[in-house]
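# Coordinate inspection notes
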Amino acid sequence: MKAKFLIPLALFIVLVIFLAIGLNRDPHELPSPLINKLAPAFDIPQLSEPNKTFSPASMKGQVWVLNVWASWCVACREEHPVLVELAKSEMAPVIGLDYKDQRADALAMLAKQGNPYLLSAFDANGRVGIDYGVYGVPETYVIDKAGIIRFKHIGPITPAVLNQKIYPLLSELKKS
Amino acid sequence: MKKLLFIMLCTFSLMVCAKDAVPLAEDPLIEQRLISISEEMRCLVCQNESLAGSRSDLANDLRREIRTLIREGKSDDQIRNFMVERYGDFVLYRPPVKPITWILWIGPFVILMIGIAGLFVYLRRRNSRVLNITLSAEDNQKIDALLNNAGKEGRDS
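Overview of the structure.

## Some remarks on the interface of chain B and chain A
Taken together, the contact pairs 13 residues of chain B with ten residues of chain A. Counting residues per element, the ones that place at least two in the side of chain B that touches chain A are α3 (57-71) and α4 (76-87) of chain B.

## Some remarks on helix α1 (residues 6-24) of chain A
Since the α-helix advances by 3.6 residues per turn, residues separated by three or four positions end up pointing in the same direction. For α1 of chain A, spanning 19 residues, the distance from its first C-alpha to its last is 27 Å, which sits close to the expected 27 Å at 1.5 Å a residue. Among the 19 residues of α1 of chain A, zero are classified as buried, and the element is accordingly described as predominantly exposed.

## As for the pairing of strand β3 (residues 64-69) of chain A
All names here are of chain A. Counting buried residues along β3, six of its six residues qualify, which places the element largely inside the surrounding structure. Residue alternation in β3 divides its side chains into two sets, W64, L66 and V68 and V65, N67 and W69, and both sets are buried. Pairing of β3 with strand β4 (residues 94-99) involves five bridges; the strand directions are parallel. Residue pairing in the sheet places W69 in a bridge with D98 of β4. After leaving β3, the chain enters helix α2 (residues 74-89) and then returns to the sheet as β4, a path that is right-handed.

## A look at the sheet that holds strand β5 (residues 119-123) of chain A
Residues and elements named next belong to chain A. As summarised here, the arrangement of the five strands in space is β5-β4-β3-β6-β7, forming an open sheet in which the pairing is mixed. Each having just a single partner strand, β5 and β7 (149-154) make up the two edges of the open sheet. Averaged over all adjacent pairs, the angle separating strand axes in this sheet is 20°, with direction ignored.

Cut-offs and rules
- Residues numbered from 1 in each chain as written.
- Chains lettered and ligands numbered in written order.
- Predicted model: local features only at pLDDT ≥ 70, side-chain atom pairs only at ≥ 80, totals over all residues.
- Contact = placed C-beta atoms within 7 Å.
- Helix = DSSP H or I, 4+ residues; strand = E, 2+ residues; numbered from the N terminus.
- Expected span 1.5 Å × (residues − 1).
- Buried ≥ 20, exposed ≤ 12 C-beta atoms within 10 Å, placed from the backbone.
- Pairing = 2+ DSSP bridges.
- Right-handed = clockwise from strand over helix to strand, strands pointing away.
- Axes fitted to C-alpha atoms, helices over the stretch in contact; angles between N-to-C directions.

In structure tokens, the structure reads:
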């Protein structure tokens, strides 16, 4: 009979657990529908050499990292040293996608902070970003030899993400 | 009064903002379809705003994109697919019914059913308990006395 009085308490605890889980999840981290799909094709001018273009098709046969960035993006600055480290490790080429940026600003930022990118594609109007489902710069994609997106990270890459997720994935993908 | 005026001013200025969030294009028909489609979609930057109402940069770009698709003669479903392919079901305010969203769609009704069943069981149990009690003549006299007293007190106060 006494157990009856515990029912509201039990319900309350269940509610608290649900809320705790819900509140601790980042609503900005959405699962991307692009995972395990072919990376959308594009062919747009490069940042430093506007008369040359870059297309993901040219990376076929390589495991590579696509990083969406912009000079106006504060979180990108935070992420920058991690990207430089990734580039230095030579695990995979890092290609930038300079998203809705001014050419001069972007080049100035790379000159000042170091350039981790093999090259950057210049997405002036953000059209490529839409195809990749970009909604919060920076975003990072790992693309395998067949051109399939294997991993997406939204927000700045932290050293933990780099070491625990990206490095293991890169070495696994390079083996296959 | 001042406070009321202040609130009115605030809400009015909000209305003004909300209006210029939707840039008017040349073609009112396209604009109408754009609004009906984008009102059902979430802006991914400010997630509690619809794509129609958001003033974020991305929402602007996406509205431009949807306008282009409308001009290309795409159907509403095709446009919705275009968005879902890129941003996932999360972009839709009305999630599609599929195994992963079954709990979402059916869950509330299941909980309602459980509640109704619980209430039903409780009421039946209570009714049977009430019916089992039989009153003796003495009990009835006591009750009448109490009721009479209560009536008097009620009139006095």
